[in-house]
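# Secondary and tertiary structure notes
Chain by chain, the residues run as shown.
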Amino acid sequence: MKDQEQAPAQRKQEQTFHGIGASRGIAIGPVYLFVKSTYEHAGEKLSPETAEHEVQKFLAALSRSEKELTKVEQVTTQKLGQAYSDLFQAQIMLLHDKVLTGSIVRRIHDELKPAQQAIEEEFENYLKHFNDSSEQLFQERAQDLVDIKNRIIRNLHQQKLQSKIPENMVVVSTCLSPADIILFSRTNVRGFVTETGGITSHISLICRSLNIPIIVGLSNFTQKTATGDTLIIDGGKGEAIVNPTMKTVLNFERKIVEESQMEAAASRLADTPAVTQCGVRLHFFSNIDFKEEIPSVRSAGAEGVGLFRSENLFIDNTKPPREEEQAAYYREMAELLNPHPLVIRLFDIGGDKLIYSSIREPNPNLGWRGIRILIDVPEILDDQLMAILKANTLGNVQILLPMVSSLDEIIFIRESLEKHLSALGNTGVECRRPEFGAMIEIPAAVEIIDEITGSVDFISIGTNDLTQYTLAVDRNNEIVQDLFDKFHPAIIRQLHKIIRSAAANDCRVSLCGDMGSDPLALPFLVGCGLREFSVVSADIPQLKRLVRFFSVSEAEKITETCLSYAKASDVKACLQEFHDLHIPENAFEGK
């Protein structure tokens, strides 16, 4: 009997997975599975004679860690400027924290614990404060502390830092540190996928600044792929395709070309006004987190900053930034943007017991946060208001109040502002009264919208939280995420009511939530009467081009139709039909 011929190796099947898209872009390339080393400690007590040797090992690990972070800080400054290099400076400062390092040394000396065990236990005390917080931002920042701990332990074992990988790879890992992202970016990495992390984590922010796509929160993905596998990631949709077919690869290669053409065509319109088909002018502003984003605000053709999330100044501190630090930061931003506006949202903080309280709230999202903290802790509010007033020498700074639910809150902040204006005037300091606005993101605010729009200079609609609170759906909860729908009839009717109320009271209104970036939502919002949008800078050129393909009267008709529907699916189908009818397939080709 003839020997059977060996069957050719079966091609791996294409599989698609979904995580959280945290930095836009499409990447196609081979996988590099990045597995970090782990180190077990024996847990046995030291002898008194060896304790001092163990202390010296720990101190040497601190020294090596500082040298590594200094190198990373230098690379980061070259690539991204000071904002993100400050992150590594903060980590270096933690290495010099005498309370932390002193506690570790005492554990080694007094409790005769091995250095690794002492490090892990002491960092665990720090991490507990972060992990106990229900605020997503602080849970994500906990990873930064884990990175420092792991760096010290690796250097304790005298293991080298992996700072280089092969060129043009898509890195897949359980978790990545900011330093990993910075160092791997030097090898033309095409993209990243991690099992942990969130959209506001440092690695996500850095990838967006570097224009590298990243998907985070893709559970157990390291078990679904291996080094060398072909991987496609779509950082906008959060989609990862392992072992794609040739047809799928060609489709995504075509998408990359199309997106590049769209960006190029849209960018040509960046500096031109956004005008509808009938000649009505719309205004687009940028949402930003750091002053280093201002160059992208200009290049996108934004008319200023419609939302600066000032709470990001807290990221690497366990206490609020000082008044003078804030004033210098805001003043630099205002000068860079002048004559365009800078809208500073007052610290929208919450759930962060590490800073304010040892009491753990059962539901921080409905607890002590936003404007409630500012009112209850006036020294934080006072410092920020004074900093803003001192920064407003050119008159282009505006104040936005977060999480407003009552007129009493608006009155309290306004009275505080007037008090500081008077105090500065009495000292001879020249300052100008900033425009004063309120965020509309709580259903209670919608119910009293006529009173609010009659008492402020402008309002800004935060559709993300408004949707979350109206539908009682945590937008970060994977179990109910499908119920989070910005086109729910309750949401679009609220938006119509808010925008109409602002118009009736001669109050400026903008929208700063993710809905403002959705091409489907654009004609509906214009039909409601919205003329100001504050969105991610990268979305502005495309939106400015889209408005050219429909008139206000057409938008008003589609808005009226949408408001008559009782189901979100009908609203979306109606808007999709409008989009298909009005937006040509070649909308982003040519001039």
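Check the entry above for the structure.
Values in this document were obtained by computation on a predicted structure and should not be read as measured data. (Residues numbered from 1 in each chain as written. Predicted model: local features only at pLDDT ≥ 70, side-chain atom pairs only at ≥ 80, totals over all residues. Heavy atoms only, no water.)

## Quick notes on the side chain of Ser537
Just so we agree on the cut-off: Helix numbering and strand numbering both begin at the N terminus, where a helix is a DSSP run of H or I of at least 4 residues and a strand a DSSP run of E of at least 2. Burial classes follow relative accessibility: with a 1.4 Å probe on protein chains only, a residue under 20% of its type's maximum area counts as buried, one over 50% as exposed, and anything between as partly exposed. Polar contact is defined as a pair of N or O atoms within 3.5 Å, subject to the rule that within protein one atom must be able to donate a hydrogen and the other to accept it, and that residues adjacent in sequence are counted only when both atoms are side-chain atoms. Any two residues whose heavy atoms approach within 4.5 Å at even a single point are treated as in contact.
Tracing the backbone shows Ser537 in the loop between β17 (532-535) and α20 (540-546). Note on Ser537: relative accessible area 8%, which makes it buried. There is a polar contact of 2.8 Å between the side chain of Ser537 and the side chain of Ser286. With residues up to four places along the chain from it excluded, the contact list for Ser537 reads Ser286, Ser296, Val297 and Ala300.

## Points about the packing of helix α18 (residues 489-504) against helix α21 (residues 552-563)
The line we're drawing: The axes are straight lines fitted to the C-alpha atoms, using for helices just the contacting stretch, and the angles between their N-to-C directions are given from 0 to 180°. When describing relative orientation, an angle under 35 degrees is termed roughly parallel and one over 145 degrees roughly antiparallel, while 65 to 115 degrees is termed roughly perpendicular and anything else oblique. Handedness of a crossing is defined here by the sense of rotation of the near helix relative to the far one, left-handed for an anticlockwise turn of less than a right angle and right-handed for a clockwise turn.
Contact geometry of α18 with α21 gives a least axis separation of 10 Å together with a crossing angle of 130 degrees. As the angle between them shows, α18 and α21 are arranged oblique. The two elements α18 and α21 meet at a crossing, and its hand is left-handed. Packed against α18, whose contacting residues are Ile492, Arg493 and His496, the element α21 presents Thr559, Cys562 and Leu563 at the interface.

## Quick word on the sheet that holds strand β1 (residues 15-18)
Strand pairing in a sheet takes place through backbone hydrogen bonds and is either antiparallel or parallel in direction. The condition is simple: Criterion used throughout: strands pair if DSSP finds at least two bridges between them.
Within the open sheet, the 8 strands sit side by side as β1-β8-β7-β3-β4-β5-β6-β2. Their pairing is mixed. Strands at the two margins of the open sheet, each flanked by one partner only, are β1 and β2 (20-23). Strand-to-strand twist across the sheet, computed as the mean angle between neighbouring axes with direction ignored, equals 30 degrees. Sheet topology note: the β2/strand β6 (residues 214-216) ladder contains 3 bridges and is antiparallel. Paired with Gly21 across the two strands is Ile215, which belongs to β6. On the sheet, helix α7 (residues 202-210) packs against β2, β5 (191-194) and β6 and is oriented at approximately 165 degrees with respect to β6.

## A few points about the pattern of salt bridges
Close approach of charged atoms lets side chains of opposite charge pair. To be explicit about the condition: Basic side-chain nitrogens of Lys or Arg form a salt bridge, by our definition, when they fall within 4 Å of a carboxyl oxygen of Asp or Glu.
Counting across every chain of the model gives 26 salt bridges. When the shortest N-O distance is used, the salt bridge between Glu258 and Arg254 registers 3.7 Å. Taken together, the positions of Glu258 and Arg254, both in helix α8 (residues 246-268) and 4 residues apart, correspond to about one turn of that helix. The partner of Arg309 in a salt bridge is Asp289, and the shortest N-O contact between them spans 3.3 Å. Taken as a pair, Arg309 in strand β11 (residues 305-309) and Asp289 in the loop between β10 (281-288) and α9 (294-299) lie far apart in primary sequence, 20 residues in all. For Arg309, a relative accessible area of 22% puts it in the partly exposed group. Judged by its relative accessible area of 13%, Asp289 falls in the buried class.

## Here's the deal with the packing of aromatic side chains
Counted only if it meets this: Stacked, edge-to-face and tilted are the three classes for Phe, Tyr and Trp ring pairs, Trp counted by its six-membered ring, which pair at centre distances within 6.5 Å; planes under 30 degrees apart are stacked, over 60 edge-to-face, the rest tilted. In this analysis the charged atom, NZ for Lys or CZ for Arg, is taken to sit over a ring once it is within 6 Å of the ring centre and within 35 degrees of the ring normal.
On inspection of all chains with the given rule, the structure shows 6 aromatic pairs. Ring centres of Phe34 and Phe184 lie 5.1 Å apart, and the angle between their planes is 90 degrees; this geometry places the pair in the edge-to-face category. Here Phe184 lies in helix α6 (residues 178-184) and Phe34 lies in strand β3 (residues 26-34), a separation of 150 residues in the sequence. Taking the relative accessible area as the measure of exposure, Phe34 reaches 7% and is therefore buried. Since its relative accessible area comes to 0%, Phe184 is described here as buried. By way of ring pairs, the aromatic residues Phe308, Tyr329 and Tyr330 are connected into one cluster. Just above the ring of Phe252 sits the side chain of Lys255; from NZ or CZ to the centre is 4.5 Å.

## Details of the packing of helix α1 (residues 48-80) against helix α3 (residues 98-111)
Worth spelling out the cut-off: Charged means Asp, Glu, Lys or Arg here, nonpolar means Ala, Val, Leu, Ile, Met, Phe, Trp, Tyr, Cys or Pro, and polar covers whatever is left, Gly included.
α3 packs onto α1 with a crossing angle of 155 degrees between their chain directions and a minimal axis gap of 9 Å. On the basis of their axis angle, the class for α1 and α3 is roughly antiparallel. The interaxial crossing formed by α1 with α3 has right-handed handedness. The segment α1 lies against α3, with Ala51, Glu52, Glu54, Val55, Phe58 and Leu62 engaging Thr101, Ile104, Val105, Ile108 and His109. Of the residues that constitute the contact of α1 with α3, the class distribution is 7 nonpolar, 2 polar and 2 charged.

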